[in-house]
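# Remarks on the overall topology
Chain by chain, the residues run as shown.
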Amino acid sequence: MGLYDLSFYDVINRNAQAFAHNLCWYEYDDDRKVTYAEYKAKVDQLAAGMSQAGIIKGDRIGVVGKNSLEFYLIYGAAAFLGAIVLPINWRLSADEMSYNLSDCEPKMVFADAEFQPTLESKREDLSFVQSYYNLKNDNGSFTPFNSLINEHDRLKPVEVESADGFVIIHTAAVGGRPRGALLSHGNVLFADLHFGYHMELTSADVHLNLLPLFHVAGLFLVTSTFHVGGVNLNISKFEGSVAAKLIQESSVSLFFDFPPILETILQAAKDESYDLS
């Protein structure tokens, strides 16, 4: 391990001390709020359970679901264990999901209830998956997410170097098929530093999490906000009126958008008299 190696879990550990009581994640859908200290505790418990279930350094962990606290906890637990997150675009067809999963062969897969039938239809093609778990709010027919929460065993984080893989993002199709791009801990953390520097992010910032965590832009804004001790305000489904309301009420200072998203928010603010300044 290099003298200056840093993993994403190192940031989690630092933030649990530097920003212990600051709000880390606000799940708008069900009003769940988690501080930085609480996030680390939940990550450690999930990592202990995943380790007990057989996850080791270098294993891939598939995730098919919309943005949620559980999804982001998986990123943290994977960082603790040196595992690699494989977020899957839930808009894909069954065949496309199967292809991306087969491309990386995750040992464990988490899925929201609404996407579980799609995975069930491809189980025979996914023989490398050893276990399936529910994701958001622990809903669904797979093994309960909470069965992985181990509150008793205290593990030592796996030694992870900056160059070790952290997440695989599938790119747009090349030659008719998507390619999995492996991002290291260093890739993600340096992206955070660049975003933080250019946007002058601080712990006072509030990020409205609109883009999916399977998208590199969505992931980088979440981790950049996390890196500086800010608040990630998460909504699992985009609605212009909800976004405009939250921008006003929660003093949102940043979000990543595409023109149709921005246009929808601006129109909602105009129609319902929300102040976006």
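The paragraphs below set out a description of the structure included in this document. (Residues numbered from 1 in each chain as written. Predicted model: local features only at pLDDT ≥ 70, side-chain atom pairs only at ≥ 80, totals over all residues. Heavy atoms only, no water.)

Let us now look at the sheet that holds strand β2 (residues 32-35). Spatially, four strands are ordered β2-β1-β10-β9 in an open sheet, and the strand pairing comes out mixed. Both edges of this open sheet fall to β2 and β9 (206-209), since each of them pairs with a single strand only. Across the sheet, the axes of successive neighbouring strands diverge by a mean angle of 15°, strand direction being ignored. Relative to β2, strand β1 (residues 23-27) runs antiparallel, the two sharing four bridges. Residue pairing for β2: leucine 23 is matched across the bridge by threonine 35. Sheet contacts for helix α2 (residues 36-52): β1 and β2; angle to β2, the most-contacted strand, approximately 90°. (Pairing = 2+ DSSP bridges. Helix = DSSP H or I, 4+ residues; strand = E, 2+ residues; numbered from the N terminus. Axes fitted to C-alpha atoms, helices over the stretch in contact; angles between N-to-C directions. Contact = heavy atoms within 4.5 Å.)

Another aspect to go through is unusual backbone geometry. Excluding glycine, residues mostly carry a negative phi; peptide bonds, for their part, are mostly trans. Unlike most non-glycine residues, aspartate 138 shows phi in positive territory, near 60°. Its identity is not glycine, yet serine 273 carries a phi of approximately 60°, on the positive side. Mapped onto the elements of the fold, serine 273 is located in the segment after α9 (259-272).

With that settled, the discussion passes to the pattern of salt bridges. Taken as a whole and judged by the stated rule, the model has 13 salt bridges. With a shortest N-O distance of 3.0 Å, lysine 136 and glutamate 27 are connected by a salt bridge. Of this pair, lysine 136 sits in the loop between β6 (131-134) and β7 (165-170) while glutamate 27 sits in strand β1, and the two are 109 residues apart along the sequence. For glutamate 114, the salt bridge is made with lysine 66, and the minimal N-O distance between the two is 3.7 Å. Here lysine 66 lies in the loop between β3 (60-64) and α3 (69-81) and glutamate 114 lies in the loop between β5 (108-111) and α5 (116-120), a separation of 48 residues in the sequence. Each member of the salt-bridge network shares a partner with another, and the members are Glu27, Asp29, Asp30, Arg32, Glu70 and Lys136. (Salt bridge = Lys/Arg side-chain N within 4 Å of Asp/Glu carboxyl O.)

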